[in-house]
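Descriptive structure summary
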Amino acid sequence: MFKTELPHNCPPRDVSERGISLFRLVIPSNNAESFKNHVELFPDRNDLKNHCKANGLSFFDNIEALLPLLEKDINYDKKIARVTITEDLGKVSNTPTKSGHYTLWLYKSADIEKIEMELIELDV
Amino acid sequence: MFNFKEHTTQLPNNFLGKLHYHLLLDFVDYPFLVVQIDNFGQYYLNYYLGGSKSLTTHVLFKISKEKLSILLAQEISVHDLFAMPESDFSYILEYNESGSVEYFGMLNSALISINNPISSDYEFDFEEDQLIADTDIKIKSIQRSKILIDVYLQSKELRASLKYWALKSFLIPFSELIRFSLLDQSNEYTPHTIDQKVNFGMNNLQIGSLSATLEVNYNPNLFGESTNQEDIIKLFNVIKATEQDDILLSLEGFQNKKIIAEYLKVLNVIIKHDASLNTKMATPDNYFIESSLDKTTAQKIKRIINDKIPNVEDVENVQGYLFELNFDKNNPSFSVHSSTEEYKYKGRIDANLVQSIGEKEFTFIDKEYLFIIHTLYTPESSKSPEKTIRTLLDIKEIEN
């Protein structure tokens, strides 16, 4: 059902299919890579395969939370984008964390290439 | 960023042994700040310093349980924690893409506090669901060198106190499932010897819910393989199976079909008491598997088993003592006490045995025999309770 084999009790109960617009770090013009979770990005790293969040994608409801992440080397090729999450993509957390973080667990059937994203130009 | 690696003394890559992820404090598609734990229960704070996907650099230092509690309560910031590391030495690690350590070096912690890599406003979100509770059983398994099976049964009825049904109707059948798994097709164990050779310890029994940890000896062979582990994995395949094909295939793997009867008892408890069962197994060679069953899933599995395996039949060789042989014309019956388990077998005598037994004499109570007993188990249904019918097929002398 989900893109990667989720561990036990994952996703948690407080998730649902919904339409919501959130921000994420993406690789411009590359949906396939932009929407890979940690387990897919690091397929040989077994230690986190059984962790629920590692099988999900991180989003925020505010741009400010993403700014420090842009400075990290591992995100050198990424930009902030507004992503339109639709109900058919998967299950997303119902409530954000304190910093506005959401997790989306993509369905196997999700059409990644059709996910709409709009790059955000930042004032330098 | 200060080049910490330049100031390290290189150590073997596996210097700290296996480190398990314990808490993901800051995870945004990558573990930027985590708590790890080694096999001795020592916590470490691990922070990403830099590097791309192919080679990432992290700093690692020991953190006490007390300090970790303060950090999680956010009574101290990450920045301040890095400014005052508890240990004189910290570590710099480089991980390659597969997560293996490419470089491991020791660093004077003073350099961390002077060149603090954490900004003063850095915060993390900590949520309970980030806790990786599995780490505990994995580490305990290594420390105890045993296969550990965690069993956690939850039900509203268990909230205030432990109920007798939880022990009698659940824990005992569940322990029997483990036992049957080990005995099935075993060259090593017999019902007579298993309790002496396999340690069924329960080192954790909590009141309020039923939470128990069962221990089984690991006993790897020269190739590092443990038949005990393989046998219990077979059982987990049964518990994890929720689709018809998987259920039937996993049960077919057992020669002793009594396992189906015991499994149905466990399912019945879950259904009757609206319970949920979570089970986990960890082994000293870092293998881990888990499963969960709730009432709905248990009902589904039971329907499939009742539909496809309506009657569970089994023929057993029971070593024991004869208590009763009654050749009543209408209802010949027997009673046998097993010498390998605290159990009395009762039922009827097969007509062929009644005829063949003739004038044979048997010693009651004092002499052991081998009894061949057929068991027909019919699970509980909406029309009738569960039923077990035993038939004595033969009595044999035990050869010394």
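1. Quick notes on the interface of chain B and chain A
- Taken together, the 34 residues of chain B in the interface contact 27 residues of chain A.
- Summed over both sides, the interface between chain B and chain A buries roughly 2700 Å², with carbon and sulfur atoms accounting for 55% of that surface.
- On the surface where chain B and chain A come into contact, there are 2 salt bridges.
- A salt bridge links A:Asp47 to B:Lys18, with the nearest nitrogen and oxygen atoms 3.2 Å apart.

2. Side note on the state of the cysteines
All names here are of chain A.
- In total, this model carries 1 disulfide over all chains according to the counting rule given.
- The disulfide partner of Cys-10 is Cys-52, and the S-S distance across this bridge is 2.0 Å. With the S-S dihedral at roughly 80 degrees, the linkage between Cys-10 and Cys-52 falls on the right-handed side. Of this pair, Cys-10 sits in the segment before β1 (15-16) while Cys-52 sits in the loop between α2 (38-41) and β3 (57-60); the two residues are 42 residues apart in sequence, bridging distant segments of the chain.
- By relative accessible area, which is 17% here, Cys-52 ends up buried.

3. Structural notes on the side chain of A:Thr103
- Mapped onto the elements, A:Thr103 comes out in strand β6 (residues 101-106).
- What A:Thr103 contacts, discounting residues up to four positions off in sequence, is A:Lys53, A:Gly56, A:Leu57, A:Lys91, A:Val92 and A:Ser93.

4. A word on the pairing of strand β4 (residues 79-85) of chain A
- Relative to β4(A), strand β2 (residues 20-26) of chain A is paired through 7 bridges, and the arrangement is antiparallel. If you follow A:Ile20 over to β4(A), its bridge partner there is A:Ile85.

5. Some thoughts on helix α5 (residues 164-183) of chain B
Residue and element names in this part refer to chain B.
- Helix length check: α5, at 20 residues, gives a terminal C-alpha distance of 27 Å against a target of 28 Å (1.5 Å per residue), a fit within 8%.
- The sharpest bend along α5 comes to roughly 30 degrees, located at Leu-171, with the proline Pro-173 sitting one to four residues further on.
- Counting buried residues along α5, 15 of its 20 residues qualify, which places the element largely inside the surrounding structure.

6. Description of the pattern of salt bridges
- Summed over all chains, the structure comprises 14 salt bridges over all chains.
- Its salt-bridge partner being A:Lys3, residue A:Glu40 comes within 2.9 Å of it at the nearest N-O pair. Linking A:Glu40 in helix α2 with A:Lys3 in the segment before β1, this pair joins segments that are 37 residues apart in sequence.
- With a shortest N-O distance of 3.2 Å, B:Glu94 and B:Lys5 are connected by a salt bridge. Of this pair, B:Glu94 sits in strand β6 (residues 89-96) while B:Lys5 sits in the segment before β1 (9-10); the two residues are 89 residues apart in sequence, bridging distant segments of the chain.
- Using a relative accessible area of 10% as the deciding quantity, one classes B:Glu94 as buried.

7. With respect to unusual backbone geometry
Residue and element names in this part refer to chain B.
- Despite not being glycine, Asp-274 shows a phi value in the positive range, around 45 degrees.
- Along the chain, the position of Asp-274 falls in the loop between α9 (258-272) and β11 (276-282).
- The backbone of Ile-365 shows a phi angle near 70 degrees, a positive value even though the residue is not glycine.
- Mapped onto the elements, Ile-365 comes out in the loop between α11 (351-357) and β16 (368-378).

Cut-off values and rules
All chains use their own residue numbering, which begins from 1 and follows the written sequence. Lettering for chains starts from A, numbering for ligands starts from 1, and both go in the order in which the items are written. pLDDT decides what is reported in this predicted model: residues at 70 or higher carry local features, side-chain atom pairs at 80 or more are listed and counted, and totals for whole chains, interfaces and linings draw on all residues regardless. Working from all heavy atoms in the structure, the side-chain values ignore hydrogens and water. Here, two residues are considered to be in contact whenever any of their heavy atoms come within 4.5 Å of each other. Buried area: the accessible surface (1.4 Å probe) lost by two parts on joining, summed over both. The rule for a salt bridge is simple: a side-chain nitrogen of Lys or Arg has to be within 4 Å of a carboxyl oxygen of Asp or Glu. Here, the term disulfide refers to a pair of cysteine sulfur atoms separated by no more than 2.5 Å. Counting from the N terminus, the helices are DSSP H or I runs at least four residues long and the strands are E runs at least two residues long. Exposure is judged per residue with a 1.4 Å probe applied to protein chains only, and the accessible area is read against the type maximum: over 50% gives exposed, under 20% gives buried, and values in between give partly exposed. Strand pairing is defined by DSSP finding a minimum of two bridges between the two strands. Multiply 1.5 Å by the residue count of a helix minus one, and that product is the helix's expected span. We define the bend at any residue as the angle between the axes fitted to the seven residues before and including it, ending there, and the seven starting there.

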